[in-house]
Amino acid sequence: MAKSGRVKKGNKICPAGIAWAKRTFDTYPSAYANMAASKYCKDPNYAKKSKK
């Protein structure tokens, strides 16, 4: 059997997280923006914490 290439399984980041990252970061498709967007999807209060 021949092995095929990697199969893209879809985007694991929710659309709300992507929209938030595009508003927050200057360049969205970056490692930091993707990490923050995935954290935002898991915890929507991630961006709303007070900065004291």
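Everything here concerns the structure above.
Because the structure is predicted, anything quoted here is derived from the model rather than measured. (Residues numbered from 1 in each chain as written. Predicted model: local features only at pLDDT ≥ 70, side-chain atom pairs only at ≥ 80, totals over all residues. Heavy atoms only, no water.)

Chemist: I'd like to hear about the overall build of the chain, residue by residue, with values.
Modeler: Tallying secondary structure elements over the chain gives two helices and zero strands in all. For the chain, buried positions account for 19% of its 52 residues. For the chain, restricting intrachain contacts to residue pairs at least 6 apart in sequence, the fraction spanning at least 24 positions comes to 25%. Counting every atom, the chain has about 4900 Å² of accessible surface; 55% of that belongs to carbon and sulfur. (Helix = DSSP H or I, 4+ residues; strand = E, 2+ residues; numbered from the N terminus. Buried < 20%, exposed > 50% of the residue type's maximum accessible area, 1.4 Å probe, protein only. Contact = heavy atoms within 4.5 Å. Areas by Shrake-Rupley, 256 points an atom, 1.4 Å probe, with all protein chains shown as cover.)

Chemist: I'd like a description of the packing of aromatic side chains, backed by residues and values.
Modeler: Describing an aromatic ring pair means giving the distance of the ring centres and the angle of the ring planes. A complete count under the given rule lists three aromatic pairs for this structure. With centroids separated by 5.1 Å and ring planes inclined at 5°, the aromatic side chains of Trp20 and Tyr40 adopt a geometry described as stacked. Residue Trp20 is found in helix α1 (residues 15-24), and its partner Tyr40 is found in helix α2 (residues 31-42); the two are separated by 20 residues along the sequence. Residue Trp20 is classed as buried on the basis of its relative accessible area, which comes to 12%. Here Trp20 and Tyr46 contribute two aromatic rings whose centre-to-centre distance is 6.0 Å and whose plane-to-plane angle is 75°, an arrangement assigned as edge-to-face. Of this pair, Trp20 sits in helix α1 while Tyr46 is found in the segment after α2, placing the two residues 26 residues apart along the sequence. (Phe/Tyr/Trp six-rings, centres within 6.5 Å; stacked < 30°, edge-to-face > 60°.)

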